[in-house]
Amino acid sequence: MEVEFVFAACLVALFICGCVWARSFERKTWNNGICSECAKRWVCFDMASDGSRGYRCAGCQRTKRIWISWAVDTNPRLIDD
Ligand SMILES: [Zn+2]
């Protein structure tokens, strides 16, 4: 009983840590809607079936692409062009 509880608690803790890590990673990648390499704006080019948004860089020869699944891309700077 106790062993099972500890095991389940560890799984939950791992899951939460994974979520927090993934979100902070995406937030860092998103960088307030600005590419960290060339300081150009991310441009949305596609949305996946799971709801994650695909962005490409407006600079970097437009080859750099990121996928954002967490709500870290709700930045008002994206609305004005
Ligand atoms: Zn770039």
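Residues numbered from 1 in each chain as written. Predicted model: local features only at pLDDT ≥ 70, side-chain atom pairs only at ≥ 80, totals over all residues.

**Description of the overall build of the protein chain**
We apply this condition: Strands are runs of DSSP state E lasting at least two residues, helices are runs of H or I lasting at least four, and both sets are numbered from the N terminus onward. Between the two quantities, the radius of gyration covers C-alpha atoms and the globule rule is 2.2 Å times the number of residues to the power 0.38. Residues with at least 20 other C-beta atoms within 10 Å of their own are called buried, those with 12 or fewer are called exposed, and the rest are partly exposed. The C-beta atoms themselves are positioned from the backbone. Contact between residues is assigned whenever the C-beta positions, reconstructed from backbone atoms, fall within 7 Å.
When helices and strands are counted, the protein chain shows one helix and three strands. Going from N to C terminus, the protein chain has its helices and strands arranged as α-β-β-β. Expected size for 81 residues packed as a compact globule is a radius of gyration near 12 Å; at 17 Å, the protein chain overshoots this value by more than 25%. Projected onto its principal axes, the C-alpha positions of the protein chain cover 60 × 25 × 25 Å. Burial analysis of the protein chain (81 residues in total) assigns 6% to the buried set. The long-range share in the protein chain, meaning contacts at least 24 apart out of those at least 6 apart in sequence, stands at 33%.

**Some points on the pairing of strand β1 (residues 42–47)**
If a strand is regular, its side chains alternate between the two faces of the sheet. To keep things clear, this is the line we draw: Note on pairing: two strands pair once DSSP finds at least 2 bridges between them.
Relative to strand β2 (residues 53–57), β1 runs antiparallel, the two being bridged by five bridges. Residue pairing in the sheet places V43 in a bridge with R56 of β2. With antiparallel pairing between neighbouring strands as the criterion, β1 and β2 make up a hairpin whose turn holds five residues, including G51 at a positive phi of roughly 95°.

**Some thoughts on the sheet that holds β1**
Neighbouring strands of a sheet are bound in pairs by backbone hydrogen bonds; such pairs are parallel or else antiparallel. This is how it is decided: Interaxial angle, 0 to 180 degrees, is taken between N-to-C directions of lines fitted to C-alpha atoms, where a helix line uses only the stretch in contact.
A sheet is described by the order of its strands in space; here three strands give the open sequence β1-β2-β3, paired in antiparallel fashion. Looking at the sheet topology across the chains shown, the edges are occupied by β1 and β3 (65–68). Neighbouring strand axes in the sheet, compared pairwise and without regard to direction, differ in orientation by 30° on average. Alignment of β2 against β3, held across four bridges, turns out to be antiparallel.

**What to know about helix α1 (residues 2–30)**
Let me state the cut-off plainly: The span one expects for a helix is its residue count, reduced by one, times 1.5 Å.
Here α1 spans 42 Å end to end across 29 residues, near enough to the 42 Å set by a 1.5 Å rise per residue. Sparse coverage of α1 is indicated by the burial of one of its 29 residues. Where α1 ends, the next residue or the one after it, N31, has phi of about 50°, a positive value.

**Section: the environment of F45**
With respect to the helices and strands, the residue F45 is situated in strand β1. Sequence-wise, F45 and R23 are 22 residues apart; in three dimensions their C-alpha atoms are separated by 21 Å. In contact with F45, not counting residues within four places along its chain, are G54, Y55 and R56.

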